[in-house]
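For reference, the chains in residue letters:
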Amino acid sequence: MKMAFQQELWQPKELDVATDQLTRTEEKKELRIPAERAQSVGQTVGKPFVDNPRMICREVNVYYGDKHAIRQVSLDIARHEVIAMIGPSGCGKSTFIRCLNRMNDTIDGCRVTGQILLDGQNIYDRQVDVVPLRAQVGMVFQKPNPFPKSIYDNVAYGPKIHGLARNRSELDQIVEISLRKAGLWEEVKDRLSQSGTSLSGGQQQRLCIARTIAVGPEVILMDEPCSALDPIATGKIEELIDELRQQYSIAIVTHSMQQAARVSQRTAYFHLGDLIEVGQTDQLFTMPRHKLTQDYITGRFG
Ligand SMILES: Nc1ncnc2c1ncn2[C@@H]1O[C@H](COP(=O)(O)OP(=O)(O)OP(=O)(O)O)[C@@H](O)[C@H]1O
Ligand SMILES: [Mg+2]
């Protein structure tokens, strides 16, 4: 059901189409174009592309069997940015970020088309090995999922299997640096041999972030990383995300528009599998260019 495009699209600002396609609605002083015309000039409004991107996604489609879950999405992920993915439940946020490290490969019947490049290399090329790819593009899930191992081993596991340490002291160093970057070292340095599952939910989530950092990622994907956490633990993760941006690109899915506004520089709004609008976060929340974005952020939809 594509009710979205039976509506008119609302554009308060300039639009990248010829002005003869625009008709002015006198009473509202808004610029409007017919929905069919907007579709024909491309569905995404705003700025999906950046200079010198870390990741490039072009015309990405995802199907679960016959279901077309992501449609023709083109988007760049910049270096040193946090980009938030927002939109109503079922719009494809998780499906889209799972494409970025081929996590959808693990789902039976899931098919991805289009191009996704990481530093110029198509990650869907036949010769790409998904094990190192998933280290380069790490993922943090909604529910903290530490391994049933010690705190130390949770972080050391990845570097060991990827052969990143030559000896125990190098491994110790990677574990400490990763836990420090995840803002957890001071809280756990005296109990590294205790089980990761003995930590609080917020600490477990930071442990999962440390585990992701330990294998030297370039991009970190986070799918609602705070939805199981209280406001204090959430605040700590949000501060951490801001620090991590110095080194990594971060794509975060969130249902909290306040969180998107606090942590991200750009925001992407998805609706029924379409990428509707991408823009600077402050602009997107204060001056959305698309009516669907406006309806969502003002609580009229979703
Ligand atoms: N494994 C799957 N098999 C079949 N369909 C799926 C699968 N995963 C997701 N879908 C469908 O794809 C669409 C997008 O789902 P997705 O989980 O990506 O949405 P979302 O935006 O992350 O939603 P939420 O905010 O609820 O997490 C939905 O219609 C969903 O039912
Ligand atoms: Mg989801």
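Please refer to the structure placed before this passage.
S.K.: Tell me about the nonpolar core, and please be specific about residues and values.
M.R.: Within the largest apolar cluster, 69 residues are counted, with the highest numbers of intra-cluster contacts made by Met85, Ala251 and Ile252. Apart from residues no more than four positions distant in its own chain, Ala251 is found in contact with Ile77, Ile83, Met85, Ile97, Leu100, Val219 and Leu221.

S.K.: I'd like a description of the site of ligand 1, backed by residues and values.
M.R.: In the neighbourhood of ligand 1, the contacting residues comprise Tyr64, Lys67, Ala69, Gly87, Ser89, Gly90, Cys91, Gly92, Lys93, Ser94, Thr95 and Ile107. Listed by contribution, the elements that provide at least two residues to the shell around ligand 1 are strand S6 (67–77) and helix H2 (93–99). The dominant element in the shell around ligand 1, judged by the number of residues it contributes, is H2, at three residues. Partitioning the shell around ligand 1 into residue classes produces four nonpolar, six polar and two charged.

S.K.: How would you sum up the sheet that holds strand S12 (residues 249–253)? Please name residues and give values.
M.R.: Sheet architecture is open: seven strands sit in the order S4-S14-S13-S7-S12-S11-S10, paired in mixed fashion. The open sheet has two edge strands with one neighbour each: strand S4 (45–46) and strand S10 (137–140). Note that strand S11 (residues 219–223) and S12 share five bridges and pair parallel. The partner of Val219 across the bridge, within S12, is Ser249.

S.K.: Describe the pairing of strand S5 (residues 55–64), and please don't skip the residues or the numbers.
M.R.: Taken together, the seven bridges between S5 and S6 define a ladder with antiparallel strand orientation. Paired with Val62 across the strands is Ile70, a residue of S6. Here S5 hands over to S6 after two residues, with Gly65 in that stretch at a positive phi of 60°. Inspection of the sheet shows S5 paired to strand S8 (residues 110–118) by eight bridges, in the antiparallel sense. Its bridge partner lying in S8, Arg58 is registered against Gln115.

What counts, and at which threshold
- Residues numbered from 1 in each chain as written.
- Chains lettered and ligands numbered in written order.
- Predicted model: local features only at pLDDT ≥ 70, side-chain atom pairs only at ≥ 80, totals over all residues.
- Core = buried A, V, L, I, M, F, W, Y, C linked by C-beta atoms within 7 Å.
- Buried ≥ 20, exposed ≤ 12 C-beta atoms within 10 Å, placed from the backbone.
- Contact = placed C-beta atoms within 7 Å.
- Near = placed C-beta within 6 Å.
- Helix = DSSP H or I, 4+ residues; strand = E, 2+ residues; numbered from the N terminus.
- Nonpolar A, V, L, I, M, F, W, Y, C, P; charged D, E, K, R; others polar.
- Pairing = 2+ DSSP bridges.

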